Amino acid sequence: MLTKNITVELPANQESRPVAMLVQVASQYESVIHMENGAVRANVKSIMGMMAFGLKSGMEVALTVDGKDEADAMEAMEKQLSRAC
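All values reported here derive from a predicted model rather than from experimental measurement.

Novice: Before we go on, may I ask you to explain the pattern of salt bridges in this structure?
Specialist: Between side chains of opposite charge, a pair can form when the charged atoms approach closely. Considering all chains together, one arrives at four salt bridges under this definition. With its nearest N and O atoms 3.3 Å apart, the salt bridge here joins R41 to E36. The class for E36 is partly exposed, based on a relative accessible area of 28%. Note that E75 and K79 form a salt bridge whose closest N and O atoms lie 3.7 Å from each other. Of this pair, E75 and K79 both sit in helix 3 (residues 70–82), four residues apart, roughly one helical turn.

Novice: I'm lost on the sheet that holds strand 3 (residues 40–43) in this one. Help?
Specialist: Backbone hydrogen bonds hold the strands of a sheet together, and the pairing may be parallel or antiparallel. Here four strands make up an open sheet; going across it, the order is 1-4-2-3 and the pairing antiparallel. Looking at the sheet topology across the chains shown, the edges are occupied by strand 1 (2–7) and strand 3. Ignoring which end each strand starts from, the neighbouring axes of this sheet average 25 degrees apart. Docked against the sheet, helix 3 engages strand 1, strand 2 (32–37) and strand 4 (60–66), running at close to 5 degrees with respect to strand 1.

Novice: So what exactly am I meant to see when it comes to the nonpolar core here?
Specialist: Across soluble globular proteins, nonpolar side chains show a tendency to be buried alongside one another. Within the largest apolar cluster, 25 residues are counted, with the highest numbers of intra-cluster contacts made by M35, V44, M50, L55, L63 and M77. The contacts of M77, once residues within four sequence positions are left out, are L22, V25, A26, I33, V44 and L63.

Novice: What's the story with the environment of S27 in this structure? I'm lost.
Specialist: The residue S27 is located in the loop between helix 1 (16–26) and strand 2 in this model. Between the alpha carbons of S27 and V44 there is a distance of 8.2 Å; along the sequence they are 17 residues apart.

Novice: In this structure, what is going on with the pairing of strand 3? I would like to understand it.
Specialist: Two faces, one strand: in a regular strand the side chains alternate between the faces of the sheet. The pairing of strand 2 with strand 3 spans four bridges and is classified as antiparallel. In the strand pairing of strand 3, N37 is matched with V40. Once strand 2 ends, the chain turns through two residues before running back antiparallel as strand 3, passing G38 with a positive phi of about 65 degrees.

Novice: Please clarify how helix 3 should be interpreted in this entry.
Specialist: Think of an α-helix as turning once every 3.6 residues; residues three or four places apart then point the same way. Look at helix 3: 18 Å from first C-alpha to last across 13 residues, which is about the 18 Å you get at 1.5 Å a residue. All of the buried residues in helix 3 are E70, A73, M74, A76, M77, Q80 and L81. End-on view of helix 3: buried residues confined to an arc of 165 degrees, all on one side of the axis.

Quick notes on the rules
Residues numbered from 1 in each chain as written. Predicted model: local features only at pLDDT ≥ 70, side-chain atom pairs only at ≥ 80, totals over all residues. Heavy atoms only, no water. Salt bridge = Lys/Arg side-chain N within 4 Å of Asp/Glu carboxyl O. Buried < 20%, exposed > 50% of the residue type's maximum accessible area, 1.4 Å probe, protein only. Helix = DSSP H or I, 4+ residues; strand = E, 2+ residues; numbered from the N terminus. Pairing = 2+ DSSP bridges. Axes fitted to C-alpha atoms, helices over the stretch in contact; angles between N-to-C directions. Contact = heavy atoms within 4.5 Å. Core = buried A, V, L, I, M, F, W, Y, C linked by side-chain atoms within 4.5 Å. Expected span 1.5 Å × (residues − 1). Arc of directions from axis to C-beta.

So, in structure tokens, the structure goes:
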């Protein structure tokens, strides 16, 4: 299991498109991927969960990836969250 704190960088007023892209990329991996901020936790592979999560630029999140392809999944998630799709 890998856990990493990441500061989210998304384009202003365009949170929904990057969230959809994040879910798409996460779904390519077998690993279980969760994101947390305070008491809020979401499955990154769930579009409804991620929309409810309220991901915003500048937010500090803890990303947890667990599975056989966890290193690759973590790298891909980090790129998506910091490159502002």
